Amino acid sequence: MKVIVLGTAAGGGLPQWNCACAQCSRARSGDPAVSPRRQDCLAISATGENWFLLNASPDLREQIAATPELAPGPGRRETPIRGALLTDAELDHTLGLTLLREGQLTVWAPPPVLSHAAVRGLLAHYHHWTWHPAETTFTLDGLTCTVFPLSGKRPRYAQTATPAPNWVVAYRITDPTTGGTLVYAPCLAHWPTPFTEFLAGATHALLDGTFHSPDEMATTTAQTDQRAMGHLPIVESLPLLPPGPTRWYYTHLNNTNPAVAHDSLARTQIEACGASVAEDGTRFDL
Ligand code: MLT
Ligand code: MN
Ligand code: ZN
């Protein structure tokens, strides 16, 4: 299985268009210690022929353009991008689908997301896309996908929709020919006890790294506890990473997260625990 990390930032990216904080300013000015980050999104493929997106970021047009594996061809209107899997209905994970409206994809998403994702209504006016519920286990071009319901966190635009435990899910994707296994969980509101078992034996896992600490937004906004925003801070998930062969990566980094800077204490602490911060453009062969 081939994996391409297309983006690693939380909603807004780094730098965020309307933010003049120190980290966004460093990223904007070309400081080599704070690289710009596109909004989080992966591409996976069993053989390198057919590709599937894990989430669809609003930066997708640039992410595709920067990735030779995803270039169109050989036919004039052929693309190797066959579909997308959504972990949730948030705009930073779904808006990118509207940028693909010239094509016709298959999308897997948990049932509440299928029913309420705003982009689905928009896309219905263009081509006939296929939408599948992501529940328990399904096969994706020879890869085995298992779904773990993580939380009932609904996007702001769907606050009145019916509560359900699978508004947000994680995916565990295994290549049966190599045994390589990827877990993708960019939105962890909390750490359900059985999630540890879901991670067992994974080769690579990309986890929610939105915030480093529970109070990092206190200096810029009235929000004083990021747990209330549905993102478990890195300092609280680091001690929960189960021992074993897994390579741990944090993704969906907010521009307030000090770990976006290569020269930060936060980055040193993460690496001292055997984990890493995911970087845009990284490729894994699992
Ligand atoms: C989140 O990750 O909590 C959301 O993407 C927030 C947002 O709407 O940008
Ligand atoms: Mn987000
Ligand atoms: Zn900023």
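Report follows, based on the coordinates. This one's a predicted model, so the numbers in the text were calculated from it and none came from an experiment.

1. Topic: the coordination of the manganese ion (ligand 2)
So, point 1. In this structure, D92 (OD) and H252 (NE2) serve as the protein donors to the manganese ion (ligand 2), at separations of 2.1 to 2.2 Å. Of this pair, D92 sits in helix α3 (residues 91-94) while H252 sits in the loop between β12 (247-251) and α8 (265-272), and the two are 160 residues apart along the sequence.
So, point 2. With a relative accessible area of 12%, D92 lands in the buried category.

2. Focus: the sheet that holds strand β11 (residues 204-208)
So, point 1. Here 7 strands make up an open sheet; going across it, the order is β7-β8-β9-β10-β11-β12-β13 and the pairing mixed. Of all the strands in the sheet, just β7 (137-140) and β13 (275-277) have a single pairing partner and so form its edges. In this sheet, neighbouring strand axes are inclined to one another by 25° on average, regardless of whether the strands run parallel or antiparallel.
So, point 2. Looking at chain direction, strand β10 (residues 181-185) and β11 are connected through 4 bridges and run parallel. What sits directly across from L182, in β11, is H204.
So, point 3. Across the sheet, α8 lies against β12 and β13, angled at about 145° from β13, the strand it touches most.

3. Structural notes on the nonpolar core
Across soluble globular proteins, nonpolar side chains show a tendency to be buried alongside one another.
So, point 1. Among the nonpolar cores identified, the biggest contains 35 residues, and F195 and L207 are the most heavily contacted of them.
So, point 2. With 3 residues, the top contributor of residues to this core is helix α6 (residues 193-199).
So, point 3. Beyond its immediate stretch of four places on either side in the chain, F195 contacts F148, L150, A170, A185, L188 and L207.
So, point 4. Counting residues in hydrophobic clusters, the runner-up holds 29 residues, among them L6, C41, L53 and L97.

What counts as what
Residues numbered from 1 in each chain as written. Chains lettered and ligands numbered in written order. Predicted model: local features only at pLDDT ≥ 70, side-chain atom pairs only at ≥ 80, totals over all residues. Heavy atoms only, no water. Donors = N, O, S within 2.8 Å, 3.2 Å for Na, K, Ca; no water. Helix = DSSP H or I, 4+ residues; strand = E, 2+ residues; numbered from the N terminus. Buried < 20%, exposed > 50% of the residue type's maximum accessible area, 1.4 Å probe, protein only. Pairing = 2+ DSSP bridges. Axes fitted to C-alpha atoms, helices over the stretch in contact; angles between N-to-C directions. Contact = heavy atoms within 4.5 Å. Core = buried A, V, L, I, M, F, W, Y, C linked by side-chain atoms within 4.5 Å.

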